[in-house]
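Spelled out, the chains give:
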Amino acid sequence: MTYYTKLKTVQDHINFALEQIQADGTFAAKAHQKEALSILNSGFSRVRENNFRFSIENLSCEDRYAIPFDLHQIRDKHFRLFDEIHHADIKTLAALRADFKAIPVVKPQPKNDRVSEKQAQVTETVVDMIKRRTAQYHEAVELGRLFGGLPVSVTPHLVTNEFNTTFTRCFYYLNGKMTPLSVIMAAAEKLAAEKEKA
């Protein structure tokens, strides 16, 4: 396999395959695991290429055809088909392949909880805003009914006087202008009376 041409030695293949593993010793995705196994297989192809002269000079035609093409096909009986200088590399590649197959695939978690914390805060704020808007809507409908359909808004304030008594003081606005409650009530009564006559 010539896909990994920048990798010149078996050790280069091993190092590159190990880079596919996350810091916590897992694969981030099944594709990463497959990629690591493919890199190891490419390392085995490098061993096969380096073993070519040995196979031509020392093996029968039948033995040359018995050389496995892929790393997953390697068994103890195949070691006689390779020069002894390649045995350590083959054992290392086969052992890593078995280890990589056993490593779990775990989706990476966010580096910190700041993002999820901010997301929760935004969600909470939006839900609170919706509740407040809904409450404002119901309050506006009640005010409309209370004042006979006049465009009245109320701003309540908690006030504490010099005797340390706390009470609610409301400012009333008719069409956005501050208006005494008595004037608003008189106007509402007048409109109600006109509606009854009509």
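Each remark here, short or long, concerns the structure printed above.
Scoring rules and cut-offs
- Per chain, residues are indexed from 1 in the order of the written sequence.
- Totals for whole chains, interfaces and linings use all residues, but because this is a predicted model, local features are given only for residues with pLDDT of at least 70 and pairs of side-chain atoms are given and counted only at 80 or more.
- Side-chain metrics in this entry use all non-hydrogen atoms of the structure; hydrogen atoms and water are not considered.
- Pairing of aromatic side chains here covers Phe, Tyr and the six-membered ring of Trp, requires ring centres within 6.5 Å, and sorts the geometry by plane angle: under 30 degrees stacked, over 60 edge-to-face, intermediate tilted.
- A run of DSSP states H or I qualifies as a helix once it reaches four residues; a run of E qualifies as a strand once it reaches two. Both are numbered from the N-terminal end.
- Between buried and exposed lies partly exposed: a residue is buried under 20% and exposed over 50% of the maximum accessible area for its type, with that area taken using a 1.4 Å probe on protein chains only.
- Charge-over-ring contacts are defined here by two conditions on Lys NZ or Arg CZ: a distance within 6 Å of the ring centre and an angle within 35 degrees of the ring normal.
- Remark: nonpolar core denotes a set of buried residues (Ala, Val, Leu, Ile, Met, Phe, Trp, Tyr, Cys) joined through side-chain atoms within 4.5 Å.
- In this description, contact between two residues means that some pair of their heavy atoms is separated by no more than 4.5 Å.
- Expected helix span is taken as 1.5 Å per residue step, with the number of steps being one fewer than the number of residues.
- Whether two strands pair depends on DSSP finding at least two bridges between them.
- Axis definition: a line fit to C-alpha positions, over the contact stretch in the case of helices; interaxial angles, taken between N-to-C directions, run 0 to 180 degrees.
- Angle categories are assigned with fixed cut-offs, so that under 35 degrees is roughly parallel, over 145 is roughly antiparallel, 65 to 115 is roughly perpendicular, and the rest are oblique.
- Side-chain classes are defined by residue name, with Ala, Val, Leu, Ile, Met, Phe, Trp, Tyr, Cys and Pro counting as nonpolar, Asp, Glu, Lys and Arg as charged, and the others, Gly among them, as polar.
- Residues adjacent in sequence count toward polar contacts only when both atoms are side-chain atoms; beyond that, a polar contact is any pair of N or O atoms within 3.5 Å, and within protein one must be able to donate a hydrogen and the other to accept it.

**Quick word on the packing of aromatic side chains**
The description of two aromatic rings rests on the distance between their centres and on the angle between their planes.
Link 1 in the chain: The final tally for this structure, using the stated rule, is two aromatic pairs.
Link 2 in the chain: Geometrically, the ring pair formed by F27 and F100 is edge-to-face, given 5.7 Å between the ring centres and 85° between the ring planes. Pair noted here: F27 is in the loop between helix 1 (10–18) and helix 2 (30–50) and F100 is in helix 5 (residues 87–102), with a separation of 73 residues, a long-range link. Each of the two residues, F27 as well as F100, counts as buried.
Link 3 in the chain: One residue, K91, lies across the ring of F79, its end atom 5.6 Å from the ring centre.

**Observations regarding the nonpolar core**
The tendency in soluble globular proteins is for nonpolar side chains to be buried as a group.
Link 1 in the chain: Ranked by internal contacts, the top residues of the largest apolar core, which has 25 residues, are L40, F44, I74, F82, I90, L93 and F100.
Link 2 in the chain: Breaking this core down by element, the ones donating at least two residues are helix 1, helix 2 and helix 5.
Link 3 in the chain: Among the elements that take part in this core, helix 2 stands out by supplying six residues, more than any other.
Link 4 in the chain: Those residues within four positions of F44 in sequence are excluded, and the remaining contacts are P68, F69, D70, L71, I74, F82, I90 and L93.
Link 5 in the chain: Counting residues in hydrophobic clusters, the runner-up holds seven residues, among them F147, L150, V152 and A188.

**What about helix 2?**
Link 1 in the chain: With 21 residues, helix 2 should reach 30 Å at 1.5 Å per residue; the first-to-last C-alpha distance of 31 Å fits that figure.
Link 2 in the chain: Buried residues of helix 2: Q33, A36, L37, I39, L40, N41, S42, G43, F44, S45 and V47, and no others.
Link 3 in the chain: Contacts made by the buried residues of helix 2 are with helix 1 and helix 5.

**Examining the sheet that holds strand 2 (residues 166–174)**
Link 1 in the chain: The three strands lie next to each other as 1-2-3, forming an open sheet whose pairing is antiparallel. Lying at the two open borders of the sheet, with one neighbouring strand each, are strand 1 (152–160) and strand 3 (177–178).
Link 2 in the chain: Relative to strand 2, strand 1 runs antiparallel, the two being bridged by nine bridges. The partner of L158 across the bridge, within strand 2, is T168.

**What about the environment of N15?**
Link 1 in the chain: The residue N15 is located in helix 1 in this model.
Link 2 in the chain: A relative accessible area of 36% means that N15 is categorised as partly exposed.
Link 3 in the chain: When the C-alpha positions of N15 and A36 are compared, they lie 10.0 Å apart, and in sequence the two are 21 residues distant.

**Some points on the packing of helix 1 against helix 2**
Link 1 in the chain: The N-to-C vectors of helix 1 and helix 2 enclose an angle of 175°; their axes lie 9 Å apart at closest approach. Looking at the two axes, helix 1 sits roughly antiparallel to helix 2. For the pair formed by helix 1 and helix 2, the contact residues are V10, H13, I14, F16 and A17 on the first element and A36, I39, L40, S42, G43, R46 and V47 on the second.
Link 2 in the chain: Taken together, the residues of the contact of helix 1 with helix 2 sort by class into eight nonpolar, three polar and one charged.

**Some thoughts on the side chain of S42**
Link 1 in the chain: Take S42: it is sitting in helix 2.
Link 2 in the chain: Looking at S42, the relative accessible area reads 2%, which means it is buried.
Link 3 in the chain: A polar atom in the side chain of S42 sits 3.0 Å from the side chain of H13.

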